[in-house]
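Descriptive structure summary
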Amino acid sequence: MLLEVKDLVVNYGGIQALHGISFNVDEGEVVTLIGANGAGKTSTLMSLARLTRPEAPEVRRGDILYNGESILKTEPHELVQNKMMSLVPEGRHIFGNLTVQENLTLATYARKGETSEIEDTEDLVYSLFPRLKERRKQRSESLSGGEQQMLAVGRALMTGATFIMLDEPSMGLAPILMYDMFRALREINKAKNMTILVVEQNAKVALDFASRGYVLDTGEIIAEGSSDVLRNDERVKKAYLGG
Amino acid sequence: MTDIPALAKRNSRLPVSTMAILALFALMVGLTMAGVINKYIQSVLMFIGINIIFSASLNIVNGYMGEFSCGHGGFMAVGAYVSSVLSVILFTENSFTGQPLLPPGSAIFLFPIVIIIGGLVSAVFGLLVAIPSFKTRDDYLAIITIAANFIIVTLINNIGAVGGSRGFMGMKKSLKAMEAVIDLPYMIIWIFIFVVLSIVMIRRLMKSTYGKGISSIRYDETSAEIMSVNTNHMKLVAFMFSSGLAGIAGGLFAHVMGFVNPASFSIFKSTEGLVMVYLGGMGSLSGSVLSAVIFTLMLEALRPLQILKWVLIPLMLILLMQFRPEGLLGNRELSDVFPKLKRIFIRKDSSNG
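From a predicted model like this one, the values you see are computed outputs, not experimental measurements.

1. Some thoughts on the overall build of chain A
Each helix and strand in chain A was counted, giving ten helices and ten strands. Counting only C-alpha atoms, chain A reaches 45 × 40 × 30 Å along its principal axes. Buried residues in chain A amount to 57% of all 243 residues. Here the contacts in chain A between residues at least 6 apart in sequence split such that 68% fall between residues at least 24 apart. Total accessible area on chain A is roughly 10,200 Å²; 46% of this is exposed by carbon and sulfur atoms.

2. Structural notes on the sheet that holds strand β2 (residues 15-25) of chain A
Residues and elements named next belong to chain A. Strand order in this open sheet of four strands is β2-β1-β4-β5, and the pairing throughout is antiparallel. At either end of the open sheet lies a strand with only one pairing partner, and these are β2 and β5 (69-70). Note: strand β4 (residues 58-66) against β5, two bridges, orientation antiparallel. Bridge pairing in β5 places Y66 opposite E69.

3. A word on helix α1 (residues 41-48) of chain A
All names here are of chain A. α1 sits mainly inside the fold: eight of its eight residues count as buried. Within α1, the full set of buried residues consists of K41, T42, S43, T44, L45, M46, S47 and L48. Just downstream of α1 lies R50, where phi reads positive at about 60 degrees.

4. Quick notes on the interface of chain B and chain A
Taken residue by residue, the interface counts 28 residues in chain B and 24 residues in chain A. Interface area, chain B with chain A, both sides summed: about 2,400 Å², of which 64% is carbon and sulfur. If you look at where chain B meets chain A, you find zero salt bridges. The tally of links from chain B across to chain A stands at five residue pairs in polar contact (both at pLDDT 80 or more). Of the residues in the side of chain B that touches chain A, the class split is 13 nonpolar, nine polar and six charged.

5. Some points on the sheet that holds strand β10 (residues 220-226) of chain A
Residues and elements named next belong to chain A. Overall, mixed pairing links the six strands, which are arranged β6-β7-β8-β3-β9-β10 in an open sheet. Both edges of this open sheet fall to β6 (86-88) and β10, since each of them pairs with a single strand only. Ignoring which end each strand starts from, the neighbouring axes of this sheet average 15 degrees apart. Where strand β3 (residues 30-34) meets strand β8 (residues 195-200), five bridges bridge the pair, whose relative direction is parallel. The residue of β8 that forms the bridge with L33 is V199. Set on the sheet, helix α7 (residues 175-192) makes contact with β3, β7 (163-167) and β8; between it and β8 the angle comes to about 155 degrees.

6. Here we look at the pattern of salt bridges
In the structure shown here, the tally under the stated rule is 20 salt bridges over all chains. With a shortest N-O distance of 3.0 Å, E221 of chain B and K235 of chain B are connected by a salt bridge. Linking E221 of chain B in helix α10 (residues 221-226) with K235 of chain B in helix α11 (residues 231-257), this pair joins segments that are 14 residues apart in sequence. Judged by its relative accessible area of 5%, E221 of chain B is buried. Each of K204, D208, D228 and R231 of chain A takes part in one network of salt bridges that share partners.

7. Side note on the side chain of N189 of chain A
Along the chain, the position of N189 of chain A falls in helix α7. Contacts of N189 of chain A, omitting those with residues within four sequence positions, involve G28, E29, V30, M194 and I196 of chain A.

8. Considering the environment of S106 of chain B
Examined against the element boundaries, S106 of chain B turns out to sit in the loop between α3 (72-91) and α4 (107-130). When the C-alpha positions of S106 of chain B and F91 of chain B are compared, they lie 7.6 Å apart, and in sequence the two are 15 residues distant.

Conventions and cut-offs
- Residues numbered from 1 in each chain as written.
- Chains lettered and ligands numbered in written order.
- Predicted model: local features only at pLDDT ≥ 70, side-chain atom pairs only at ≥ 80, totals over all residues.
- Heavy atoms only, no water.
- Helix = DSSP H or I, 4+ residues; strand = E, 2+ residues; numbered from the N terminus.
- Buried < 20%, exposed > 50% of the residue type's maximum accessible area, 1.4 Å probe, protein only.
- Contact = heavy atoms within 4.5 Å.
- Areas by Shrake-Rupley, 256 points an atom, 1.4 Å probe, with all protein chains shown as cover.
- Pairing = 2+ DSSP bridges.
- Buried area = accessible area lost by both parts, 1.4 Å probe.
- Salt bridge = Lys/Arg side-chain N within 4 Å of Asp/Glu carboxyl O.
- Polar contact = N/O pair within 3.5 Å; in protein donor to acceptor, adjacent residues only side chain to side chain.
- Nonpolar A, V, L, I, M, F, W, Y, C, P; charged D, E, K, R; others polar.
- Axes fitted to C-alpha atoms, helices over the stretch in contact; angles between N-to-C directions.

Here it is in structure tokens:
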């Protein structure tokens, strides 16, 4: 098991956001965590990435195991340095005043002496997202929302991680761009055996994309199973798939 | 790794600029020794140099890293007092140890080391200020650094051994001891050398992959973290480096004046630093140099206005914020604004490398 979350209780801004959730992700798997606004999806991902900023969520109980070892004491930069995981945060957080290429290069900050590997990753990113290649020299804040999202994904790949986590990648994207995005992610999963955990409000797209999922509701996991099972689950249908 | 031009500005260390620096150095020392430039002009030149180190070092934290430190004067005070006391104890007859601890003539070699020790002690103080910056940013960090400035000044005010609020003197005697060995304009020489070293070091750091971690904090701290930048570590580095250089500026200042008192390093000093950084442009090294020159000259030019000067200068700051909030150069460098400079300096560089 690559990632195992055990009975995680997390406080976010003084309020308990997660009331003891457990889930796991296997190597090479594509898993989704679906839920409405405020269900605790972002708190979950931020806890997994171990962000340390003052406003980051705080783990109160439970454990996060990566390959069987707890990462609660691990710093976020160590997770990335060791290529354990890479987060595509909500709202993209790209470096707006840098160009596309600079954003990608900056993501290789910790990959010293891996020149040829970095080139390979860069080729992969540009082949997955040809639009980024066209706009390589453009300041990234001038990209459209969809392109910025591609850049955020590309940047996560550039760290060399084998496990990427995406926080609402479909948010604010036109349907066509959204499908492009998920198609690209599926390609990476197939080609590189990339493990992907995607958090989504758009349950339909997420379940089409992932093979397995969990449903998060006000800080608790209320359903889990393969995408087919969840798609036919009455509660999921009612709450997220429009009847 | 490919270079990131926006993060790390120009690839310099060029023969042309090295020659220009050497020529300027020779010119200044030569004119001083020949007695062509008088004491007043000499002191203005030296203050320009000190202000360049002061504003460029503050630019590391406030410009490149995008934090808001308002207590830079405090670090200058630490460097000034540490190096002054050392210099007086080591090289002159003094009230602490009576006879100088070392032969006074050794000052010609040890003077820069004394200044650097002042900088190192300041860097330790910078470390103490860096720690709260892990937990807080923006306004809160500004308040913490102002508090640190007050604490340092108040502490010195209450240390009787270094004169308390009356100040501390005797550094001129160290200079006399140096001049007794070989008569050279030492302060001009050392200030020039420390200015060049500071600029080269800041530039190299900001250009390096490692230093890009500092700028990434300004752009987006969350992203910096998820791009494997150890933000806490980079803040420590930036604060220590910045305050260490301020300490060096302080040590040089103390030796030019021959006298220091705590009031010279109050919040007003820190404000001068902020004015220079924002005048020049945040994250622009040549902007800091340019604004230090302009600001120092302006202070001198407006001297006849006496107290009115402190109405005029803040007024200029208000106008600057209104009409050019990014400062003279924004976060660009002089060579970006005047491509001609780039042609002279950069093309030579690329043909070499």
